[in-house]
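Coordinate inspection notes
Now for the letters of each chain:
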Number of protein chains: 2
Amino acid sequence: MSDSDASWIKTVSLSPPSLQDNTADTERLISVLKAILQTDAAIHIDLDLIKKLPDILRQSDFNIRCTLFKDGYQWLVVGIQSADEIRPVAGLAVDLGTSRIVLRLLDLAGGQPLAESGFDNPQLTIGPDILARIHFSESSDGLKKLNDFIVSGLNQAIRDLCQSQKMEPQDVYALAVAGNTAMTHLFLGLNPRWIIREPYIPVVNRPGIFKTAELGLQVNSAARVFVFPNIGSYFGGDLVAGILYAQLHRASDTAILVDVGTNAEVVVGNDNWLIACAGAAGPALEGGVTKMGMMAGPGVVDKISIDPQTRQFNLHTIEDRTPRGICGSGVIDLVAQLYLSGMMDIRGKLVPAVCGKRLKKIDGLMHLVVIPADQSADGTDLTVSQADLDSLIRSKAAMYTILETITMSVGMELKDLSAFYVAGTFGSFIDPRSAITIGMMPDLPLESYKPLGNSSLGGATLALTAAESLAEIDRIRDRITYLELNVNQDFMNRFSAAKFIPHTDKSLFPSVEFR
Amino acid sequence: MSDSDASWIKTVSLSPPSLQDNTADTERLISVLKAILQTDAAIHIDLDLIKKLPDILRQSDFNIRCTLFKDGYQWLVVGIQSADEIRPVAGLAVDLGTSRIVLRLLDLAGGQPLAESGFDNPQLTIGPDILARIHFSESSDGLKKLNDFIVSGLNQAIRDLCQSQKMEPQDVYALAVAGNTAMTHLFLGLNPRWIIREPYIPVVNRPGIFKTAELGLQVNSAARVFVFPNIGSYFGGDLVAGILYAQLHRASDTAILVDVGTNAEVVVGNDNWLIACAGAAGPALEGGVTKMGMMAGPGVVDKISIDPQTRQFNLHTIEDRTPRGICGSGVIDLVAQLYLSGMMDIRGKLVPAVCGKRLKKIDGLMHLVVIPADQSADGTDLTVSQADLDSLIRSKAAMYTILETITMSVGMELKDLSAFYVAGTFGSFIDPRSAITIGMMPDLPLESYKPLGNSSLGGATLALTAAESLAEIDRIRDRITYLELNVNQDFMNRFSAAKFIPHTDKSLFPSVEFR
């Protein structure tokens with residue numbers, strides 16, 4: 001492993017002490033580190049490391065390798081080894097998702113990713129959504145249980161991930177964790193009670209840096225954990241990580257970053273300002289639609305096209321398995337294609353005359369058969385009801401209205417945006433052409449759409465690999481103005497206009513073929 | 001308890017959160033504290049306190065009392081209570097002596113001392129002097145044992161002291177600990193091996209601030225421990241505490257501070273500069289002289305006068321008990337009086353013609369009977385040998401030469417010093433008149449002599465009661481120039497001259513009656 005200037009790892013040669021130069025071991029090291037780092041800031045070394053320092057120095061002939069981290073104004077020494085020590089120095093970026101937790105192991109010296117793994121959030125057994133978990137946290141020992149779930153899940157995953165790389169958990173010296181505000185609270189063992197109650201107050205906005213023992217994480221005992229800051233109860237550290245990853249705060253042209261999920265979390269900004277808001281976009285987007293909707297996975301329909309002449313459905317399933325359901329991106333494709341093929345009208349209603357035999361009444365409700373029983377994995381029709389489609393239309397209208405509102409709040413129009421970053425795994429699967437067609441996203445040139453993948457993990461990775469990131473995260477957090485969405489008459493008017501496909505105002509969607 | 005500006009305790013009223021002001025609990029508190037403290041510095045709150053914060057805030061109607069401490073540039077919140085909480089907030093100053101450990105319990109709100117206690121350093125069972133203990137620390141588990149001795153001794157003393165004030169150890173939120181470099185290392189569990197080996201390198205010069213759990217101290221879990229910095233292996237935090245206590249660094253006139261013990265530790269300086277040195281003054285001073293010498297205690301002779309006509313001895317014992325020994329200050333009196341009564345010549349030799357029956361040969365060595373058998377507690381003669389007296393003379397000569405050397409090193413003479421601070425318990429008992437008479441201390445006006453008592457404890461107390469002290473300690477430490485005593489021909493010449501009573505150069509001791 002080699003050091004680079006941006007690295008947290010510094011190889012240090014100290015001049016051995018003499019009668020003329022009898023500075024103590026600790027201060028001898030600190031003064032050289034200050035010179036290397038060109039800093040006047042305090043440099044802190046834990047007592048446990050100080051205890052080992054005299055022997056390491058004398059056994060290494062005063063040539064050592066230090067692993068550093070930064071806490072606000074202060075540098076932290078989290079690891080000291082002999083310069084010829086061959087054990088690796090690893091970091092761990094963590095995306096603390098409500099549904100899934102993803103870990104990325106990094107070589108701290110060079111910043112390269114070494115391996116990645118993920119596991120379903122063990123708190124799912126308590127409740128699929130955050131609200132249920134927060135209510136559970138108020139039961140006796142509830143918070144402790146939720147916290148234990150996540151911490152032991154992480155410890156297990158860290159052990160496995162390290163083992164896969166022939167490392168030990170104690171080779172991990174720094175972690176960066178990004179999650180939404182509620183997940184962050186549960187991870188830190190903080191009472192999330194006030195997050196969901198007016199006026200929606202988190203316990204902490206800037207959790208900062210922790211020793212791993214404080215959090216129960218089993219890695220190197222001197223390691224530190226950086227936890228991303230939040231803007232409030234509904235705008236979490238995962239989004240701040242996303243902004244860092246998209247570099248929204250560095251571009252001179254104004255761009256937008258959208259995390260599409262149950263909540264739509266949106267940031268608009270550039271290198272001068274950032275404005276953010278969050279609003280309920282409805283459950284129809286993430287996880288698909290009601291009973292047939294599901295998370296992406298093998299056999300799940302993620303792409304659909306409908307032949308405008310024959311109305312033949314052409315489905316793509318993940319891993320090309322027999323279809324067993326449809327995910328969010330598939331539903332967006334479906335609605336776009338239904339509209340373009342004339343099977344759905346501009347109000348989002350299925351057109352019986354065109355849909356023909358694909359329509360079925362089940363329990364008195366109109367359903368569209370997407371996958372007939374003889375083609376589905378479980379031998380039953382996979383259908384979507386008019387009610388489900390209505391729900392999707394409301395969700396996409398809410399999303400568009402939120403995007404419109406935040407952009408208007410800074411005196412701009414959606415068409416002025418230079419880039420449209422789509423954060424989150426779900427966002428990566430959306431076909432922007434379909435999203436534009438249904439009027440969920442604005443009619444920008446397709447090349448403006450930039451799926452970021454797991455931007456929360458990407459931001460957490462940057463926090464560990466680019467030494468200036470920690471300060472940058474602070475600046476991002478400080479620069480964000482949070483816009484409370486005012487659901488007033490104007491908002492409702494625009495929402496009503498957006499409930500059509502793609503919109504009542506055709507001039508907003510010049511690229512969409514209107515019927 | 002009331003707050004004062006200088007106090008670590010701040011009563012804080014937060015405006016309750018609202019939809020328009022939805023800052024998190026932690027940052028809400030931090031921003032008000034920053035305003036009260038008028039600081040831009042970071043304010044750190046431990047995770048364990050953050051966990052309790054939401055409930056404390058809401059139960060107290062957002063009126064709380066915070067206990068603060070400072071770590072370098074950063075403020076620490078170490079306690080948060082409801083503003084109407086009646087539990088006390090205490091601090092603890094500790095003098096970590098080689099022989100004795102003294103604790104002073106303080107009210108942190110007002111800074112007043114509440115109670116004091118002391119106990120013999122439990123490490124005495126390993127060895128009376130530091131050298132023996134350092135050698136012991138190199139045996140298996142030796143360091144751990146020495147550390148355990150001190151930590152469990154402290155924990156017991158803290159429990160007892162708190163109980164005497166109807167408090168709990170967890171009412172203690174801040175500690176300040178001053179000790180010599182070796183004792184500080186043993187207290188922190190740091191290997192003292194290199195302190196006693198050339199080139200005499202401590203593990204750490206500025207230990208700084210610790211959480212109590214790191215040190216095994218059983219007080220409030222959020223409490224912090226400040227450990228005084230040292231200048232090197234032979235100039236410890238107890239002396240830095242002494243300088244703070246004497247305010248040597250604040251006076252425009254140059255003064256001297258001397259800690260008289262086995263080592264003479266000396267600082268000369270003013271508000272512009274400080275110069276320090278330490279040198280072996282010999283065992284003859286502290287603990288008295290050989291077999292009859294002992295630490296001060298009941299029945300120990302601490303003052304002696306000899307009638308110049310009758311040569312009658314007039315003894316004072318501590319607590320007026322039957323005499324059982326003589327302590328250091330008694331020996332200094334004794335030599336001064338022997339000299340003034342003509343029983344000792346200027347070379348420090350007993351004069352047989354004058355001493356008469358008080359002289360006895362024991363094992364072939366000349367002894368002076370100080371307390372005849374019929375007046376002593378154990379019914380045997382208490383004597384002092386010529387060899388013991390020779391040793392005292394060498395010690396006092398070493399002390400004077402050290403004082404002379406350090407003063408000369410800054411181009412001054414001893415007579416130019418505006419004040420002569422005598423640190424340490426032993427120093428408080430010395431009669432300066434006698435010390436001048438034997439030429440151990442310079443012939444300054446008696447009112448220049450200022451015994452400080454336990455200045456190490458006094459400095460530790462200031463660290464907890466005057467908020468600016470921690471920064472001042474840093475400045476003191478930085479300002480001290482350490483003078484390596486060069487035992488060259490010039491030093492030896494001056495040492496030889498100082499081996500006379502009071503000195504070969506009569507002009508240096510105008511107030512002493514020469515014989």
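What you see is a predicted model; the values in this text were computed from it and never measured.

A word on helix 8 (residues 328-340) of chain A
At 3.6 residues per turn, the α-helix brings residues three or four places apart onto the same side. Residue and element names in this part refer to chain A. Between the first and last C-alpha of helix 8 there are 18 Å, a value that for 13 residues agrees with the 18 Å anticipated at 1.5 Å per step. Within helix 8, 12 of the 13 residues are buried, which leaves the element mostly enclosed by the surrounding structure. Regarding helix 8, the residues found buried are Gly-328, Ser-329, Gly-330, Val-331, Ile-332, Asp-333, Leu-334, Val-335, Ala-336, Gln-337, Leu-338 and Tyr-339. Looking one or two residues beyond helix 8, the residue adopting positive phi is Gly-342, at roughly 80°.

Let's talk about the packing of aromatic side chains
Across all of its chains, the model carries 14 aromatic pairs over all chains by this definition. Where A:Tyr400 meets A:Phe509, the ring centres are 5.5 Å apart and the plane angle is 45°; that geometry is what we call tilted. Of this pair, A:Tyr400 sits in helix 10 (residues 386-409) while A:Phe509 is found in the segment after helix 15 (489-498), placing the two residues 109 residues apart along the sequence. Given the relative accessible area of 2%, A:Tyr400 is considered buried. Taking the relative accessible area as the measure of exposure, A:Phe509 reaches 1% and is therefore buried. Relative to B:Tyr482, the ring of B:Phe235 lies with its centre 6.3 Å away and its plane at 70°, an arrangement referred to as edge-to-face. Taken as a pair, B:Phe235 in the loop between strand 10 (224-227) and helix 7 (237-246) and B:Tyr482 in strand 22 (residues 480-482) lie far apart in primary sequence, 247 residues in all. In this structure B:Phe235 comes out as buried when scored by relative accessible area, which is 0%. In textbook terms, an aromatic cluster arises when at least three aromatic residues are bridged by ring pairs, as seen for A:Trp8, A:Phe69 and A:Trp75. In this arrangement the basic side chain of A:Arg58 is found over the ring face of B:Trp194, its NZ or CZ atom lying 4.5 Å from the centre. Sitting over the ring of B:Trp194, B:Arg193 keeps its end group 4.8 Å from the ring centre.

Topic: the relation of the copies chain A and chain B
Overlaying chain A with chain B gives an RMSD of 0.0 Å, the required rotation being 180° about an axis along which the chain moves by 0.0 Å. Both chain copies can therefore be described as sitting about a two-fold axis. A shared binding surface is used by both copies, with 98% of the interface residues of chain A retained as interface residues in chain B.

A look at the sheet that holds strand 1 (residues 9-13) of chain B
All names here are of chain B. Here we have four strands laid out as an open sheet, ordered 1-3-4-2, and mixed in their pairing. A single partner strand is all that each edge strand has here, and the edge strands are strand 1 and strand 2 (43-45). Each adjacent strand pair in this sheet contributes to an overall mean axis angle of 40°, direction not counted. Where strand 3 (residues 63-71) lies against strand 4 (residues 74-82), eight bridges are found, and the strand directions are antiparallel. Across the sheet, Leu-68 pairs through a bridge with Val-77, a residue of strand 4.

Re the pattern of salt bridges
As enumerated under the stated definition, the model contains 44 salt bridges over all chains in all. A salt bridge links A:Arg250 to A:Glu472, with the nearest nitrogen and oxygen atoms 2.8 Å apart. Here A:Arg250, found in the loop between helix 7 (237-246) and strand 11 (255-260), pairs with A:Glu472, found in helix 14 (residues 469-479); they are 222 residues apart in sequence, far enough to count as distant. Residue class for A:Arg250 comes out partly exposed when judged on its relative accessible area of 47%. Ionic pairing is found between B:Glu404 and B:Arg494, a salt bridge with its closest N-O pair at 3.4 Å. Of this pair, B:Glu404 sits in helix 10 (residues 386-409) while B:Arg494 is found in helix 15 (residues 489-498), placing the two residues 90 residues apart along the sequence. B:Arg494 shares its class with B:Glu404; the two are buried. The structure contains a network of salt bridges with shared partners spanning A:Arg206, A:Asp474, A:Arg477 and A:Asp478.

Regarding the side chain of A:Asp443
Residues and elements named next belong to chain A. Tracing the sequence through the fold places Asp-443 in the loop between helix 12 (432-437) and strand 21 (449-453). Among buried Asp, Glu, Lys and Arg side chains, Asp-443 stands out as unpaired, with Arg-433 the closest opposite charge at 4.6 Å. One polar contact links Asp-443 to Ser-511, side chain to side chain, over a distance of 2.7 Å. Excluding its chain neighbours within four sequence positions, the residues that come into contact with Asp-443 are Ile-436, Leu-508, Phe-509, Pro-510, Ser-511 and Val-512.

Some words on the sheet that holds strand 7 (residues 113-120) of chain A
Residues and elements named next belong to chain A. Ordered by their spatial adjacency, six strands build an open sheet running 7-6-5-8-10-9, and the pairing between neighbours is mixed. Each edge of the open sheet is held by one strand with a lone partner, namely strand 7 and strand 9 (208-211). Taken pair by pair, the neighbouring strands of this sheet meet at an average axis angle of 20°, ignoring direction. Bridge count for strand 6 (residues 100-107) against strand 7 is seven bridges, and the pairing is antiparallel.

With respect to the confidence of the model for chain A
Residues and elements named next belong to chain A. Per-residue pLDDT for chain A has a mean of 92; in total, 95% of the residues score no lower than 70. Across residues 286-292, where pLDDT falls below 50, the model places 26 contacts with residues more than four positions away in sequence or in other chains. Reported confidences for the modelled complex are a pTM of 0.90 and an ipTM of 0.90.

Side note on the environment of A:Met492
Locating A:Met492 in the fold gives a position in helix 15. With 91 residues separating them in the primary sequence, A:Met492 and A:Thr401 have C-alpha atoms 8.7 Å apart.

So, how was this worked out
- Residue numbering note: each chain is counted from 1, following its sequence as written.
- Whichever chain is written first is A, and whichever ligand is written first is 1; the rest continue in order.
- Selection of residues for local features in this predicted model requires a pLDDT of at least 70, selection of side-chain atom pairs for listing and counting requires 80 or more, and totals for whole chains, interfaces and linings are taken over all residues.
- To get the side-chain values, all heavy atoms of the structure are used, and hydrogens and water are removed first.
- Each helix corresponds to a stretch of at least 4 residues labelled H or I by DSSP, and each strand to a stretch of at least 2 residues labelled E; elements are numbered beginning at the N terminus.
- The span one expects for a helix is its residue count, reduced by one, times 1.5 Å.
- Type-normalised accessible area, obtained with a 1.4 Å probe on protein chains alone, sets the label of each residue: buried when under 20%, exposed when over 50%, and partly exposed for intermediate values.
- Under the pairing criterion, centres of Phe, Tyr and Trp rings, with the six-membered ring standing for Trp, must be within 6.5 Å; the plane angle then separates stacked pairs below 30 degrees from edge-to-face pairs above 60, leaving the rest tilted.
- Note on criteria: charge over ring means Lys NZ or Arg CZ within 6 Å of the ring centre, with the direction from the centre no more than 35 degrees off the ring normal.
- For the least-squares superposition of copies, only C-alpha atoms count, and only for residues with pLDDT at least 70 in both.
- Residue contacts are defined here by distance: any two heavy atoms, one from each residue, within 4.5 Å place the two residues in contact.
- One bridge is not enough; two strands pair if DSSP finds at least two bridges between them.
- Here an angle of 0 to 180 degrees is reported between the N-to-C directions of two axes, which are lines fitted to C-alpha atoms, with helices fitted over the stretch in contact.
- A pair is scored as a salt bridge if a Lys or Arg side-chain nitrogen falls within 4 Å of a carboxyl oxygen belonging to Asp or Glu.
- By the counting rule applied here, Lys and Arg register as positive and Asp and Glu as negative, while His and the ends of each chain are not counted.
- Think of a polar contact as two N or O atoms within 3.5 Å of one another; within protein, one of them needs to be a possible hydrogen donor and the other a possible acceptor, and neighboring residues in sequence only count if both atoms come from side chains.
- Every residue is assigned a pLDDT by the predictor, reflecting its confidence on a scale from 0 to 100.

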